[in-house]
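Spelled out, the chains give:
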Amino acid sequence: MVPGTFLSTVEEFLPGEGVYEEEGKVYSSCAGLVLMDLRTRKISVISRSSPPVLRKGDIVLGEVEDVQPQRVEVTIESLRRNEERQLPPPKLGIIHVSRVSRRYVRELEKKFRVGDIVRAKVEEVGREMVQLSTVEDDLGVILAKCMRCNVPLVVDNLKMGKLKCPLCKRVEFRKVAEDYGKGEPWGEKE
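Cut-offs used in this document
Residues numbered from 1 in each chain as written. Predicted model: local features only at pLDDT ≥ 70, side-chain atom pairs only at ≥ 80, totals over all residues. Heavy atoms only, no water. Helix = DSSP H or I, 4+ residues; strand = E, 2+ residues; numbered from the N terminus. Buried < 20%, exposed > 50% of the residue type's maximum accessible area, 1.4 Å probe, protein only. Areas by Shrake-Rupley, 256 points an atom, 1.4 Å probe, with all protein chains shown as cover. Salt bridge = Lys/Arg side-chain N within 4 Å of Asp/Glu carboxyl O. Phe/Tyr/Trp six-rings, centres within 6.5 Å; stacked < 30°, edge-to-face > 60°. Lys NZ or Arg CZ within 6 Å of the ring centre and 35° of its normal.

K.L.:
Can you help me understand the overall build of the protein in this one?
P.N.:
For the protein, the helix and strand inventory stands at 0 helices and 16 strands. Looking at the 190 residues of the protein, the share that counts as buried comes to 38%. As displayed, the protein offers around 11100 Å² of accessible surface, 50% of which is attributable to carbon and sulfur atoms.

Right under this line is the structure:
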């Protein structure tokens, strides 16, 4: 079996490990052995070679590729599950404007810029893209560079997301993670 193989409908079996649901249908997200639990009505795919597979709740790192009025497109680079794991390319992540912050976001361009490195939580995994969120305080931009000088920006006011260029003194704003600029991309280890 290959990733993307149709397995069942959600009426027959609920999605378990190694599968995803899209429009009421359950598909394999990896190659492996299909397990159907008739008691719990769950279907799973267990991979023998276990390349990393994204699941809801996972924390990922990625680079902002595009900022549009309603969404930010992120190339997901790696995954955290006890240790950093490289993901097979390509993985497109989307942060919808409603999943950026607890506060109302009027302009996404003031929260993210192309080239920013972000830490985000997986909300939903689909065939084409992954829905992400940066609502929590430990999620958001962890590295941003000055649009003028291309040097890493430093925190000027964390609560406001205000960053400043140490060379040209340019001020920019982002939805920053609470540990922005501290060096550890994953934040505190759990």
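K.L.:
What is the right way to read unusual backbone geometry from this model?
P.N.:
The backbone phi angle of Asn150 is positive, close to 60°, even though this residue is not glycine. Notably, Lys169 is not glycine yet its phi reads approximately 70°, a positive angle. Tracing the chain through its elements places Lys169 in the loop between strand S15 (162-164) and strand S16 (171-173).

K.L.:
Would you take a moment to explain the pattern of salt bridges for this structure?
P.N.:
Once the charged atoms of two side chains with opposite charge are near each other, the side chains can pair. Under the definition given, this model contains 11 salt bridges. A salt bridge links Asp179 to Arg119, with the shortest nitrogen-to-oxygen separation between them at 3.0 Å. Linking Asp179 in the segment after S16 with Arg119 in strand S11 (residues 117-125), this pair joins segments that are 60 residues apart in sequence. We classify Asp179 as buried; its relative accessible area is 16%. Note that Glu136 and Lys121 form a salt bridge whose closest N and O atoms lie 2.7 Å from each other. Placement of Glu136 in the loop between strand S12 (130-133) and strand S13 (140-143) and of Lys121 in strand S11 is noted, with a sequence separation of 15 residues between them. Connected via shared salt-bridge partners are Asp116, Arg170, Glu172 and Arg174.

K.L.:
Would you mind going over the packing of aromatic side chains with me for this structure?
P.N.:
Aromatic ring pairs are defined here through the distance separating the ring centres and the angle between the ring planes. Enumeration over the complete set of coordinates arrives at 2 aromatic pairs. With a centroid separation of 6.0 Å and an interplanar angle of 70°, the aromatic rings of Phe6 and Tyr27 are classed as edge-to-face. Of this pair, Phe6 sits in strand S1 (residues 6-9) while Tyr27 sits in strand S4 (residues 25-28), and the two are 21 residues apart along the sequence. Residue classification places Phe6 among the partly exposed residues on the basis of a relative accessible area of 43%. Given the relative accessible area of 12%, Tyr27 is considered buried. Seen from their ring centres, Tyr20 and Tyr27 are 5.6 Å apart, and the 25° between their planes marks the pair as stacked. Grouping residues by exposure puts Tyr20 and Tyr27 together as buried. Feature note: the residues Phe6, Tyr20 and Tyr27 constitute an aromatic cluster, connected by ring pairs. We note Arg41 situated over the ring of Phe13; from NZ or CZ to the ring centre the distance is 4.6 Å.

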